[in-house]
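This is what each chain is made of:
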Amino acid sequence: MARMSETVLQQKRSGIRKIMELANTLPNVLHMEVGEPLFETPAHIVRAGCEALEHGFTKYAPNAGLYPLREAAVNRLNRELGLSLAVDNVIVGIGGVEVINCAIRALCDAGDEILIPDPSWPNYETMATIASVTRKYYRLLPENSFLPDFNELEGLITDKTKMIIVNSPSNPLGVVMPAETIEKLVVFASKHDIYLLSDEAYEKIVFDAPHVCALPYDTNGRVIAAYTLSKTYAMTGWRVGYAVSDKAVIEQMVKLQEAYVSSVPSAMQMAAVAAICGDQACVEDMRIVYRQHRDLTASILDEYGIDYFMPNGAFYMWINARCSNSTAFAEQLLIKKHVAVAPGDTFGKTGNGYIRISLASSEDTIRSGIRTLAEFIANQGKMN
Ligand code: PLP
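Now for a quick tour of the structure. (Residues numbered from 1 in each chain as written. Predicted model: local features only at pLDDT ≥ 70, side-chain atom pairs only at ≥ 80, totals over all residues. Heavy atoms only, no water.)

Considerations on the packing of helix H5 (residues 95-107) against helix H9 (residues 247-260)
To keep it simple, the criterion reads: Lines fitted to the C-alpha atoms define the axes, with helices restricted to the stretch that makes contact. Angles between their N-to-C directions range from 0 to 180 degrees. Secondary structure elements follow DSSP: runs of H or I no shorter than four residues count as helices, runs of E no shorter than two count as strands, and numbering proceeds from the N terminus. Any angle that falls under 35 degrees is termed roughly parallel, while one over 145 is termed roughly antiparallel, one within 65 to 115 roughly perpendicular, and all others oblique. Crossings are sorted by hand: turned counterclockwise from the far helix by less than a right angle, the near helix makes the crossing left-handed, and turned clockwise it makes it right-handed. In this description, contact between two residues means that some pair of their heavy atoms is separated by no more than 4.5 Å. When residues are grouped by polarity, Ala, Val, Leu, Ile, Met, Phe, Trp, Tyr, Cys and Pro land in nonpolar, Asp, Glu, Lys and Arg in charged, and all others, Gly among them, in polar.
Orientation of H5 relative to H9, taken along the N-to-C sense of each, is 115 degrees, at an axis distance of 9 Å. Here H5 lies roughly perpendicular to H9, going by the angle between them. Crossing of H5 against H9: the hand is right-handed. On H9, the residues touching Glu-98, Val-99, Cys-102, Ala-103, Arg-105, Ala-106 and Leu-107 of H5 are Val-249, Gln-252, Met-253, Leu-256, Gln-257 and Tyr-260. Taken together, the residues that form the contact of H5 with H9 break down as nine nonpolar, two polar and two charged.

Below, the structure written as structure tokens:
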């Protein structure tokens, strides 16, 4: 066989996918490994998508996205954040995944360096790797309340550093960064003349702390905020997201869009307009359920004295599994107890010893899955 891309050959597979595949070989598994809302997409959004198909939204859309969706996105951000964005500041993409990929590609060349949180969503690593960008990790440690250490960040900067990725509320931690940290991160990016990519995937899923966006702190066009409808509106399969930044950055991303996917399906974009402009009660209803699931999980873990981070946002719980190898732990838990969780080491080196569970699982799954997990952690060593 002819030689394939070395970059891709070297790319390791997601630890979560491996658990999913193993889970598929077993009966009656309680699934808490995947970050997918348990809800169906709200009916008014589905209806808007169907109507769009019936009314001829079946053709290519412009690379940057349909005007009504870009307009809806800027209007709501201007309203919520007091900004004065224009439609040219937005590009629509195939979910958060694609706009983040486009931003990395548009702003970084091969050999440039990018600062990635550890632990964080594993896709950042994959995206940087396939763009031949060097990854440097800044640690989010329990002793710092899982917030960045600015001394460490300063030490990571070189003349090749191009970008820092920030994710609040975070996957996998559920940390919501306070305003002063977000502001300091933007100042840090400005001081070193690098871009700040703010992944806003969980912006609307916050519990006790307000979500703070980096965009209002940006004074010189270095923040790219990446949004998705996937989590907020339970629209993971519709594949719609968008990014907001300086016009010059968006222009470069639009060029990439032509090469990657050309455009996002038109009807999906019209469904996204209905989601953004429609009644937001569905967002609040889902948020309340995630919060109940968080509190239920915490109360079961407390019964067993298991350590965890109480998330302020997103829909995950980061749990100390008291193990030396998270992947082996997750495999054993799955094989012996038929409970699927995401191994912490798949999110970065600092994640080893932890596991992540999804609070977007059903209440029944959480009730029995967390109890089984807690017993498994508590009885490790006593079990074979
Ligand atoms: N960012 C984070 C932190 C995520 O966890 C995800 C999905 O799991 C995404 C972005 C992108 O999601 P999508 O491509 O469905 O918009």
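Describing the sheet that holds strand E13 (residues 354-358)
We count it as follows: Here, strands pair whenever DSSP counts at least two bridges between them.
Judged by pairing direction, the sheet is antiparallel, and its four strands sit side by side in the order E9-E10-E13-E12 without closing on themselves. One side of each edge strand has no neighbouring strand; the edge strands of this open sheet are strand E9 (308-309) and strand E12 (342-343). Pairing between E12 and E13: two bridges, direction antiparallel. Within the sheet, the bridge partner assigned to Ala-342 lies in E13 and is Arg-356. Sheet contacts for helix H11 (residues 281-303): E9, strand E10 (316-320) and E13; angle to E10, the most-contacted strand, approximately 15 degrees. Strand contacts of helix H13 (residues 363-378): E10 and E13, with the helix running at about 170 degrees to E13, the strand carrying the most contacts.

Focus on the nonpolar core
Our working definition: Take the buried Ala, Val, Leu, Ile, Met, Phe, Trp, Tyr and Cys residues and link them wherever side-chain atoms come within 4.5 Å; each set so joined is a nonpolar core. Type-normalised accessible area, obtained with a 1.4 Å probe on protein chains alone, sets the label of each residue: buried when under 20%, exposed when over 50%, and partly exposed for intermediate values.
Among the nonpolar cores identified, the biggest contains 103 residues, and Ile-164 and Ile-357 are the most heavily contacted of them. When residues in this core are grouped by element, the largest group, eight residues, is from H11. Once residues within four sequence positions are removed from consideration, Ile-357 is found in contact with Met-32, Thr-297, Phe-315, Tyr-316, Met-317, Ile-319, Val-341, Ile-370 and Leu-373.

A word on the environment of Glu-152
Structurally, Glu-152 can be placed in helix H7 (residues 150-156). Residue classification places Glu-152 among the buried residues on the basis of a relative accessible area of 18%. It is 9.6 Å that separates the C-alpha atoms of Glu-152 and Tyr-137, two residues lying 15 residues apart in sequence. When neighbours within four sequence positions are excluded, Glu-152 is seen to be in contact with Tyr-137, Tyr-138 and Arg-139.

Thoughts on the packing of helix H12 (residues 326-337) against H13
The axes of two packed helices give the description: the angle between them and the distance between them. Orientation of H12 relative to H13, taken along the N-to-C sense of each, is 120 degrees, at an axis distance of 11 Å. When the axes of H12 and H13 are compared, the pair comes out oblique. Both H12 and H13 take part in a crossing whose hand is right-handed. Here Phe-329, Gln-332, Leu-333, Lys-336 and Lys-337 of H12 lie close against H13, whose contacting residues are Thr-372, Leu-373, Phe-376 and Ile-377.

Details of the pattern of salt bridges
Using the following cut-off: Note on definitions: salt bridges are taken to be side-chain nitrogens of Lys or Arg within 4 Å of carboxyl oxygens of Asp or Glu.
As enumerated under the stated definition, the model contains 17 salt bridges in all. As a salt-bridge pair, Lys-204 and Glu-80 come within 2.8 Å of each other at their nearest N and O atoms. Placement of Lys-204 in the loop between strand E6 (195-199) and strand E7 (223-228) and of Glu-80 in helix H4 (residues 67-81) is noted, with a sequence separation of 124 residues between them. Judged by its relative accessible area of 39%, Glu-80 is partly exposed. The partner of Lys-191 in a salt bridge is Glu-154, and the shortest N-O contact between them spans 2.9 Å.

A word on H11
Note the threshold: Helices are assigned an expected span. That span is 1.5 Å times one less than the residue count.
In this model H11 runs 34 Å from its N-terminal to its C-terminal C-alpha over 23 residues, within 8% of the 33 Å that 1.5 Å per residue would give. Listed in full, the buried residues belonging to H11 are Cys-282, Val-283, Met-286, Arg-287, Tyr-290, His-293, Arg-294, Leu-296, Thr-297, Ala-298, Ile-300 and Leu-301. In the core, the buried residues of H11 are packed alongside helix H3 (43-54), E9, E10, E13 and H13.

Things to note about the site of the ligand
Defined as follows: In this text, near means that some heavy atom of the residue lies within 4 Å of the molecule or strand in question. Polar contact criterion, stated in full: a pair of N or O atoms within 3.5 Å, where within protein one must be able to donate a hydrogen and the other to accept it, and residues adjacent in sequence count only if both atoms are side-chain atoms. Reported accessibility uses the Shrake-Rupley method at a 1.4 Å probe radius. Residues are deemed covered only where the shown protein chains occlude them.
Taken together, 14 residues are adjacent to the ligand, and Gly-96, Asp-199, Thr-228, Ser-230 and Arg-239 come closest. At 2.6 Å from an oxygen atom of the ligand is found a main-chain nitrogen or oxygen belonging to Gly-96. Val-97 has a polar backbone atom sitting 3.0 Å from an oxygen atom of the ligand. When the ligand sits alone it has 400 Å² of accessible area, and the protein chains cover 93% of it. A total of three residues in the shell around the ligand trace back to one element, the largest contributor, which is H5. Across the shell around the ligand, the residue classes break down as five nonpolar, six polar and three charged.

Some thoughts on a nonpolar patch on the surface
Our working rule: Patch construction takes residues with relative accessible area above 30% that form no salt bridge. Like charges are linked within 9 Å, and nonpolar side chains (Val, Leu, Ile, Met, Phe, Trp, Tyr) are linked within 5 Å.
On the surface, a cluster of nonpolar side chains totalling about 410 Å² of accessible area is made up of Met-1, Met-4 and Leu-9. In this fold, Met-1 is placed in the segment before helix H1 (6-9). For Met-1, a relative accessible area of 93% corresponds to the exposed category.

A short note on H5
The end-to-end C-alpha distance of H5 is 19 Å, a good match for the 18 Å that 13 residues give at a rise of 1.5 Å each. The buried count for H5 comes to ten of 13 residues, which makes it a mostly enclosed element. Along H5, the residues that are buried comprise Gly-95, Gly-96, Glu-98, Val-99, Ile-100, Asn-101, Cys-102, Ala-103, Ile-104 and Leu-107.

Observations concerning the packing of aromatic side chains
Filter applied, for reference: Stacked, tilted and edge-to-face are the three classes assigned to paired rings of Phe, Tyr and Trp, where Trp is represented by its six-membered ring and a pair needs centres within 6.5 Å; plane angles under 30 degrees give stacked, over 60 edge-to-face, the rest tilted. Charge-over-ring placement is defined geometrically: NZ (Lys) or CZ (Arg) within 6 Å of the ring centre, and within 35 degrees of the ring normal.
Within the structure shown, the criterion is met by twelve aromatic pairs. Residues Tyr-202 and Tyr-316 carry aromatic rings whose centres are separated by 5.6 Å and whose planes lie at 80 degrees to one another, so their mutual orientation is edge-to-face. With Tyr-202 in the loop between E6 and E7 and Tyr-316 in strand E10, the pair connects residues that are 114 residues apart, well separated along the chain. A centroid spacing of 5.4 Å and a plane angle of 70 degrees characterise the contact between Phe-329 and Phe-376, whose relative ring orientation is edge-to-face. Of the two residues, Phe-329 sits in helix H12 while Phe-376 sits in helix H13, which places them 47 residues apart along the sequence. Taking relative accessible area as the criterion, Phe-329 reaches 4% and is therefore assigned buried. Take Phe-376: its relative accessible area is 6%, and that puts it in the buried class. Between Arg-76 and the ring centre of Tyr-227, over which it is positioned, the NZ or CZ distance is 5.1 Å.

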